[in-house]
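Descriptive structure summary
Each chain is listed here by its residues.
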Amino acid sequence: FPPAVTSPCKILKCNSEFWAATSGSHHLGTEEAPEFCTALRAYAHCTRRTARTCRGDLAYHSAVHGIDDLMVQHNCSKDGPTSQPRLRTLPPGDSQERSDSPEICHYEKSFHKHSATPNYTHCGLFGDPHLRTFTDTFQTCKVQGAWPLIDNNYLNVQVTNTPVLPGSSATATSKLTIIFKSFQECVDQKVYQAEMDELPAAFADGSKNGGDKHGANSLKITEKVSGQHIEIQAKYIGTTIVVRQVGRYLTFAVRMPEEVVNAVEDRDSQGLYLCLRGCPLNQQIDFQTIRSAQATEGRARRKGPSLPASPKAFTYETATAKCREKLPVEDLYFQSCVFDLLTTGDVNFMLAAYYAFEDVKMLHSNKDKLHLYERTRDLAPGNTAPMGTHPTLWVALLCLSQCWLCLL
């Protein structure tokens, strides 16, 4: 397929080079200060080279401010060598590794000292893209361009979706930005940014935790599979985030307490982000209408060459067979897989649906709600039609359609 449009901003490359040079250390001894300053100057030089193309990039601005702060902290001169020596890793017991975080930096200990265990919710975005909201609503959306996924008092998450194929309404997530806001004595503000073919194992400033504050270890990035799977634990807000690159596109999943989800100052703007309210009506794709059209096209093809052959790699039958390999239960994850294979022809979308469901199994607090069967596209005001098809009825209709195809 033709390459999707990617950002010319190369700040992630600068970040990873600095991280490789310093081995994650921001707390070097005096004897290593000159080498650290050299790495910092190289980092600054790299950001200047990409300044023009990064003007509107949050990670870029975060990196620039971070460099300035570190220059001051370490008494670094802006003039000097800019080669990037690899510095030794920190000795055990350094402040970056301390585990004695204050109680306020552990959500379950601090927020719920005198109450029951918090209720956790889940949101996920994957594939074409398909969205599962905090209220277990499942939608297939267009949402091309930049959209907010989460926006509350503690963090912001924004995704950018680009067309999978020229002229197609099918889009997938090509860029993800997560901003963890500064919180009491726990963490400094941290920005995480990923895009196609770049899934860093560090924040934009090269660190892997919450910074210089006493509770810094309550925010940590762990690389599960290099370049394919990272996990961010934000214990101070009881939140776990999983980001994957599957094929060329990104998937997102989060587990978050309801109290954090609803922590917003401006209630009127709360409905603007996708994980809470879902996609706007004009951005939703009617799953069942498209499935019906696909079935009609399949029947027409069986009768004769009345329709041109599809350029895509899958028919309805081969797509369903492929999706069953990884998703044996015919729920909405399975249906999403079939839909994506038919609209894109890219088998990686089958893996995206599979891993999205694996993340649900890990992150969703109610194991009885892992599978969703009903189409949950919102209806226009005044429409009294049901919001979904009962799973038993859907299975019956599917069986009926398969029998009908066999007879033709």
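To be clear, the structure that these remarks concern was listed above.
What comes next is a walk through the structure. (Residues numbered from 1 in each chain as written. Predicted model: local features only at pLDDT ≥ 70, side-chain atom pairs only at ≥ 80, totals over all residues. Heavy atoms only, no water.)

Turning our eyes to something else, we now look at the overall build of the protein chain. If you tally the helices and strands in the protein chain, you get 11 helices and 11 strands. By the burial criterion, 50% of the 408 residues in the protein chain qualify as buried. For the protein chain, the share of sequence-separated contacts (at least 6 apart) that also reach a separation of at least 24 residues comes to 62%. Roughly 19000 Å² of accessible area belongs to the protein chain as shown, and the carbon and sulfur atoms make up 53% of that amount. (Helix = DSSP H or I, 4+ residues; strand = E, 2+ residues; numbered from the N terminus. Buried < 20%, exposed > 50% of the residue type's maximum accessible area, 1.4 Å probe, protein only. Contact = heavy atoms within 4.5 Å. Areas by Shrake-Rupley, 256 points an atom, 1.4 Å probe, with all protein chains shown as cover.)

With that settled, the discussion passes to the nonpolar core. Looking at soluble globular proteins, one finds that nonpolar side chains tend to be buried together. Counting 47 residues, the largest nonpolar core has Ile150 and Ile178 as its most contacted members. It is strand E11 (residues 249–257) that provides the largest number of residues to this core, a total of 4 residues. Setting aside residues up to four positions removed in sequence, Ile150 forms contacts with Phe134, Leu155, Asn156, Val157, Phe252, Val254, Met256, Tyr273 and Cys275. Core analysis: the second largest hydrophobic core is formed by 23 residues, Cys9, Ile11, Cys14 and Leu40 among them. (Core = buried A, V, L, I, M, F, W, Y, C linked by side-chain atoms within 4.5 Å.)

Moving on to the packing of helix H9 (residues 332–344) against helix H10 (residues 348–363). Helix-helix packing is described using two parameters, namely the angle between the two axes and the distance between the axes. In the contact formed by H9 and H10, the axes pass within 8 Å of each other and the chain directions differ by 160°. The pairing of H9 with H10 is recorded here as roughly antiparallel in orientation. Crossing geometry of H9 relative to H10 is assigned as right-handed. In this structure, H9 uses Tyr333, Cys337, Asp340, Leu341 and Thr344 to contact H10, whose residues at the interface are Phe349, Met350, Ala353, Ala356, Phe357 and Val360. (Axes fitted to C-alpha atoms, helices over the stretch in contact; angles between N-to-C directions. Parallel < 35°, antiparallel > 145°, perpendicular 65-115°, else oblique. Left-handed = near helix turned anticlockwise from the far one by under 90°.)

The subject of this paragraph is the environment of Cys76. Looking at where Cys76 falls in the secondary structure, it is placed in the loop between helix H3 (58–73) and helix H4 (107–110). Since its relative accessible area comes to 12%, Cys76 is described here as buried. For the pair Cys76 and Phe36, spaced 40 residues apart in sequence, the C-alpha to C-alpha distance is 8.5 Å. When near neighbours in sequence (up to four residues on either side) are disregarded, Cys76 contacts Cys37, Leu40 and Met71.

So, on to the sheet that holds strand E4 (residues 145–151). An order of E4-E5-E6-E7 is seen for the 4 strands of this open sheet, with the pairing classed as antiparallel. Edge strands, defined here as strands with exactly one partner in the open sheet, are E4 and strand E7 (190–195). Each strand axis lies, on average, 20° off the axis of its neighbour in the sheet, ignoring direction. One ladder, built from 9 bridges, connects strand E5 (residues 155–163) with strand E6 (residues 171–180); its direction is antiparallel. Pairing of Val159 across the sheet is with Leu176, part of E6. (Pairing = 2+ DSSP bridges.)

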